[in-house]
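Spelled out from the first residue to the last, the chains are:
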Amino acid sequence: MKRISLTQYLVEEQRLNNNIPAELRLLIEVVARACKTISHAVGKGALGEVLGSAETENIQGEVQKKLDILSNEILLEANEWGGHLAAMASEEMESIHLIPNRYPKGEYMLLFDPLDGSSNIDVNVTIGTIFSVIKAPEGMATPTEQDFLQAGSKQVAAGYAIYGPQTMFVLTTGQGVNCFTLDREMGSWVLTQRNMTIPEDTQEYAINASNSRHWYPPVTRYIDELLAGTTGPRGKNFNMRWIAAMVTDVHRILNRGGIFMYPADAREPDKAGKLRLMYEANPMSMLIEQAGGASTNGKQRILDIQPEKLHQRVAVFLGSKNEVERVTSYHLEK
Ligand SMILES: O=P(O)(O)OC[C@H]1O[C@](O)(COP(=O)(O)O)[C@@H](O)[C@@H]1O
Ligand SMILES: [Mg+2]
Ligand SMILES: [Mg+2]
């Protein structure tokens, strides 16, 4: 197999599609390098004293793990010095992080969920890092939180790193989805899957069923039909998987199809869902659509949502197109 590195891929992509200017390439390379460092920390586990709770709370009121904080710091530091950025925002930080003394002014802004699947950390189950790149405002003005509130359709790049049996980096710059595997001996990302594509139909779904008594009727109807298998209206059996790390559920869907759901429910009627629009749903929705899948909040395309708040939450239904369209249609029925 001819080895193509992440850098070679990005340079080639720029030549072919003119969609990865040097600044964006360098930014993606810095994010990928930071993910390599996080992967190393994850791999050390107890030996690196990175497991367990930090006993602090983030802005969402969630108790932070040591690795949540460490991964956030690694991404901040790497990108402050080499990321070609104007500002960053993170699931773990209350407000945006401006890049000090940056000249010339960075053209992009980076958002990330530094460690996705936090409840998996201490049990040695796959976790990841999710990121999204958007354009900074024109001119020399210092970016504000308001500048981050761009619809997902404006993202210029999105991706994730997954720390599993292999460490992988999955990326889209708007021309399909490609996957790179970390060669741990060489320390380089090698292109291992081109144009990941999600089949339109599937027999596999992912939802946290322990919340079923709180679901709204469209979700209950959809899941009941799946559970009825060959004897129900769908006439086929469905299998279920739930990793409790969106990054890992999405990775499976990019590889073999499926539908992932994290609906809003009746527990907290004012809460739009659990997952975060800017750090989780938007980047994953861009990847899923670029791979031929669909992603909605049950009513509309996630990438069309105009964010109102940096830490906004959203319901998520994403994956194989025909299933996402079906559960969305149940929400839209009067
Ligand atoms: O605890 P639950 O309901 O299984 O939720 C799992 C979901 O929460 C998340 O872990 C939230 O992400 P964080 O770990 O970044 O907070 C998702 O990755 C995952 O899909
Ligand atoms: Mg997360
Ligand atoms: Mg997280």
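Residues numbered from 1 in each chain as written. Chains lettered and ligands numbered in written order. Predicted model: local features only at pLDDT ≥ 70, side-chain atom pairs only at ≥ 80, totals over all residues.

Observations regarding the sheet that holds strand E17 (residues 316–319)
Consider a sheet: its strands pair through backbone hydrogen bonds, and that pairing is either parallel or antiparallel.
Phase 1: Pairing in this open sheet of five strands is mixed, and the strands run E12-E11-E13-E17-E15 from one edge to the other. Two strands in the sheet have a free side with no partner beyond their single neighbour: strand E12 (239–240) and strand E15 (294–296).
Phase 2: Direction of pairing for E15 relative to E17: antiparallel, over a ladder of three bridges. For serine 295, the partnering residue across the bridge sits in E17 and is leucine 318. (Pairing = 2+ DSSP bridges. Helix = DSSP H or I, 4+ residues; strand = E, 2+ residues; numbered from the N terminus.)

A closer look at the packing of helix H6 (residues 246–256) against helix H7 (residues 277–290)
Phase 1: Contact pair H6 / H7: the axes reach a minimum separation of 11 Å and the direction vectors enclose 10°. Between H6 and H7, the crossing angle belongs to the class labelled roughly parallel. Of H7, the residues touching H6 (which contributes Met246, Val250 and Leu254) are Glu280, Met284 and Leu287.
Phase 2: For the contact of H6 with H7, the residue count by class is five nonpolar, no polar and one charged. (Axes fitted to C-alpha atoms, helices over the stretch in contact; angles between N-to-C directions. Parallel < 35°, antiparallel > 145°, perpendicular 65-115°, else oblique. Contact = placed C-beta atoms within 7 Å. Nonpolar A, V, L, I, M, F, W, Y, C, P; charged D, E, K, R; others polar.)

Details of the site of ligand 1
Phase 1: Neighbouring ligand 1 are the residues Glu91, Asp113, Asp116, Gly117, Ser118, Ser119, Asn208, Ala244, Ala245, Met246, Tyr262 and Lys274.
Phase 2: By residue class, the composition of the shell around ligand 1 is four nonpolar, four polar and four charged.
Phase 3: Two domains each provide a minimum of three residues to the shell around ligand 1, namely domain 1 (6–193) and domain 2 (204–332). (Near = placed C-beta within 6 Å. Domains from an automatic or database assignment.)

Observations concerning the UniProt feature "binding site: substrate" (unreviewed entry) in the protein chain
Phase 1: Under the UniProt annotation, "binding site: substrate" (unreviewed entry) lies at Asp116, Gly117, Ser118, Ser119, Asn208 and Lys274.
Phase 2: Summarising the element assignment, lysine 274 is placed in the loop between strand E13 (259–262) and strand E14 (275–276).
Phase 3: Judged by local crowding, lysine 274 falls into the partly exposed class, with 19 C-beta atoms found within 10 Å.
Phase 4: Once residues lying within four places of it in the same chain are set aside, the contact partners of lysine 274 are Tyr262 and Arg313. (UniProt positions renumbered as here; feature names shortened; annotations may be inferred. Buried ≥ 20, exposed ≤ 12 C-beta atoms within 10 Å, placed from the backbone.)

Some words on unusual backbone geometry
Phase 1: Look at asparagine 18: it is not a glycine, yet its phi comes out positive at around 55°.
Phase 2: Position of asparagine 18 relative to the elements: it lies in the loop between helix H1 (6–17) and helix H2 (22–44).
Phase 3: Phi angles above zero are rare outside glycine, and alanine 244 is one such case at about 70°.
Phase 4: Residue placement: alanine 244 occurs in the loop between E12 and H6.

Digging into the domain arrangement of the protein chain
Phase 1: Assigned domains of the protein chain: these are domain 1 (6–193) and domain 2 (204–332).
Phase 2: Taking only C-alpha atoms into account, the centre of domain 1 sits 24 Å from that of domain 2.
Phase 3: Each partner contributes residues to the interface: domain 1 has 35 residues there, and domain 2 has 29 residues.
Phase 4: Sorting the residues of the side of domain 1 that touches domain 2 by element identifies strand E5 (108–116), strand E6 (127–135), helix H4 (145–148), strand E7 (157–163) and strand E8 (167–172) as the ones contributing at least two each.
Phase 5: Looking at the side of domain 1 that touches domain 2 element by element, the count peaks at five residues for E6.
Phase 6: Tallied by class, the residues present in the side of domain 1 that touches domain 2 amount to 16 nonpolar, 15 polar and four charged.

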